[in-house]
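Residues per chain are reported as follows:
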Amino acid sequence: MSLRHGLLGLLAEGPASGYDLAGRFQEALGQVWPAQHPQIYAELGRLADAGLIEVESVGARGRKAYRITDAGRAEVRHWLTETEVDHGFRMQTLMRAFFYWLMEPAEIDAHLAQEQRYFAETAAAFRAYADRKDRGEFGTGPQTRALRIAAEAGVRINEALADWAKWARESELMTNPDFGSAHSPESAAEVSELPEPPASS
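Just so we're clear, the structure is a prediction, and the values are computed from it rather than from any experiment.

A. Region of the structure containing the packing of helix H1 (residues 3-11) against helix H3 (residues 37-49). Packing of H1 against H3 leaves a shortest axis separation of 10 Å and a crossing angle of 80°. Judged by the angle between their axes, H1 and H3 are roughly perpendicular. Of the residues in H3, those touching H1 at Leu3, Arg4, Leu7, Leu8 and Leu11 are Gln39, Ile40, Glu43, Leu44, Arg46 and Leu47. Of the residues belonging to the contact of H1 with H3, the class tally is 7 nonpolar, 1 polar and 3 charged.

B. Focus on a nonpolar patch on the surface. Judged by side-chain polarity, Met95, Phe98, Phe99, Trp101, Leu102 and Met174 come together as a nonpolar surface patch covering roughly 740 Å² of accessible area. Inspection of the secondary structure puts Leu102 in the loop between helix H5 (92-97) and helix H6 (105-134).

C. Representation of the pairing of strand S3 (residues 64-68) within the structure. Alignment of strand S1 (residues 16-17) against S3, held across 2 bridges, turns out to be antiparallel. Bridge pairing in S3 places Ser17 opposite Ala65. In this structure, strand S2 (residues 53-58) lies alongside S3, joined through 5 bridges in antiparallel fashion. Looking across to S3, one finds that Ile53 is bridged to Ile68. The loop that links S2 with its antiparallel partner S3 comprises 5 residues; one of these, Arg61, has a positive phi angle of about 55°.

D. Quick peek at the nonpolar core. The biggest cluster of nonpolar side chains holds 19 residues, and the ones touching the most others in it are Leu11, Phe25, Ile40 and Leu44. Residue assignment for this core shows that the elements contributing at least two residues are H1, helix H2 (18-29), H3 and S3. In this structure, Leu44 is in contact with Leu7, Leu11, Gly18, Leu21, Ile53 and Tyr66, ignoring residues within four places of it in sequence. Listed in part, the 5 residues of the second largest apolar core include Tyr100, Ile108, Ala165 and Ala168.

About the thresholds
- Residues numbered from 1 in each chain as written.
- Predicted model: local features only at pLDDT ≥ 70, side-chain atom pairs only at ≥ 80, totals over all residues.
- Heavy atoms only, no water.
- Axes fitted to C-alpha atoms, helices over the stretch in contact; angles between N-to-C directions.
- Helix = DSSP H or I, 4+ residues; strand = E, 2+ residues; numbered from the N terminus.
- Parallel < 35°, antiparallel > 145°, perpendicular 65-115°, else oblique.
- Contact = heavy atoms within 4.5 Å.
- Nonpolar A, V, L, I, M, F, W, Y, C, P; charged D, E, K, R; others polar.
- Patch = residues over 30% accessible without salt bridge, like charges linked within 9 Å, V, L, I, M, F, W, Y side chains within 5 Å.
- Areas by Shrake-Rupley, 256 points an atom, 1.4 Å probe, with all protein chains shown as cover.
- Salt bridge = Lys/Arg side-chain N within 4 Å of Asp/Glu carboxyl O.
- Pairing = 2+ DSSP bridges.
- Core = buried A, V, L, I, M, F, W, Y, C linked by side-chain atoms within 4.5 Å.
- Buried < 20%, exposed > 50% of the residue type's maximum accessible area, 1.4 Å probe, protein only.

Okay, structure coming up:
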């Protein structure tokens, strides 16, 4: 996903000012694609220059409200239906894990406890949001149904990461002197090399 397509998707819901879009972007997409206000305003300018959005109105103090054009709607649909999904992602949690060997055991345990807590709390927040949707608090339209599917992904991904942090703490791999030896159960059954990513089609 790109910032461009996220903004187009939000504007497909209806016209909005840059300020409102920034808030909506943070609420709906901030967990998966963080963006600061200056980035959003700069991208809105580029979208307007490209004819993908246009100014609908200008309010007090020059605040502009934008709406998506037919070309913009075609662009976001093209991205959704005809472009290959980019499965690459940046995740500091996993990047740090590669370098746990530079930390003291107590530091690793404290860090993993914090990670476990964060991901469990985030999963619970997504679950509460999903439950509200299931109760019909946000209506029953296609946008709400799509957000419900996305919320479920948030629940499951964060639950999995909380379980990973719990496993990493309990496995004590960083302090296990037998790890990798012939008599280590981890080396025989529980731990394997990182898998190769699937080949791109």
